[in-house]
Amino acid sequence: MSEKLNIEPDLCRTDDGLDTITGKWKLPILLHIMKNKTMRFSDFMRAMPQITQKMLTKNLRELEDDDLIKRISYPVIPPKVEYSLTEHGKELEPVIDLLHQWGIKHKQYMQDKWNKNNHF
């Protein structure tokens, strides 16, 4: 990317985007939905055994309020609820992928830097 970044620092909205997906659980929840397309509450509990039901419910509601995921409740017994990405949420996929790729490079960069500085 040789193009010059054209964002005025005082007008930058990255915080608005980051505030929506940061936290211990939001990104893992989104990644699980991106991988599986549709998930039920019990699927999340199995995929992320460290999260509590209360915390999962809270994060799912926040992601739903931000229109990143949709909740579909089926009128059956026992209750069936599924979560999937909204069209708005799908826009995050390439952003998260780029951040993931950068994270891999950054980790290697920092490891190389550490090795260089601590080479005896």
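All figures in this text were calculated on a predicted structure; none of them were measured in a lab. (Residues numbered from 1 in each chain as written. Predicted model: local features only at pLDDT ≥ 70, side-chain atom pairs only at ≥ 80, totals over all residues. Heavy atoms only, no water.)

**Describing the packing of aromatic side chains**
The test is simple: Classification of ring pairs uses Phe, Tyr and Trp, with its six-membered ring standing for Trp, and accepts pairs whose centres are within 6.5 Å; under 30 degrees between planes counts as stacked, over 60 as edge-to-face, and the remaining range as tilted. The helix and strand labels rest on DSSP assignments: H or I over at least four residues marks a helix, E over at least two residues marks a strand, and numbering proceeds from the N terminus. Each residue gets one of three labels from its accessible area relative to the maximum for its type: buried under 20%, exposed over 50%, partly exposed in between, using a 1.4 Å probe on protein chains only. Throughout this description, the term charge over a ring refers to an Arg CZ or Lys NZ atom that lies within 6 Å of the ring centre and within 35 degrees of the ring normal.
A complete count under the given rule lists 1 aromatic pair for this structure. With a centroid separation of 6.0 Å and an interplanar angle of 65°, the aromatic rings of Phe 44 and Tyr 83 are classed as edge-to-face. Note that Phe 44 is positioned in helix α3 (residues 41-47) and Tyr 83 in strand β3 (residues 80-85), a separation of 39 residues in sequence. Take Phe 44 and Tyr 83: they sit in the same class, and that class is buried. Positioned above the aromatic ring of Tyr 74 is the side chain of Lys 80, whose terminal nitrogen or guanidinium carbon lies 5.0 Å from the ring centre.

**A few points about the environment of Asn 117**
Note on placement: Asn 117 falls in helix α6 (residues 92-117). We classify Asn 117 as exposed; its relative accessible area is 54%. In this structure the C-alpha to C-alpha distance between Asn 117 and Val 95, which are 22 residues apart in sequence, comes to 32 Å.

**Overview of the pattern of salt bridges**
Quick reminder of the rule: We count a salt bridge whenever a side-chain nitrogen from Lys or Arg sits within 4 Å of a carboxyl oxygen from Asp or Glu.
Under the definition given, this model contains 6 salt bridges. Residues Glu 62 and Lys 26 are paired through a salt bridge, measuring 2.8 Å at the closest nitrogen-oxygen approach. Here Glu 62, found in helix α4 (residues 53-65), pairs with Lys 26, found in helix α2 (residues 26-36); they are 36 residues apart in sequence, far enough to count as distant. The salt bridge involving Glu 82 is made with Lys 80; its shortest N-O contact spans 3.6 Å. When salt bridges with common partners are traced through the structure, they connect Lys 26, Lys 58 and Glu 62 into a single cluster.

**Here's the deal with the side chain of Glu 82**
The test is simple: A 3.5 Å cut-off defines polar contacts: any pair of N or O atoms within that distance qualifies, except that in protein one atom must be a possible hydrogen donor and the other a possible acceptor, and neighbouring residues in sequence count only when both atoms are side-chain atoms.
Topologically, Glu 82 is positioned in strand β3. There is a polar contact of 3.0 Å between the side chain of Glu 82 and the side chain of Tyr 74.

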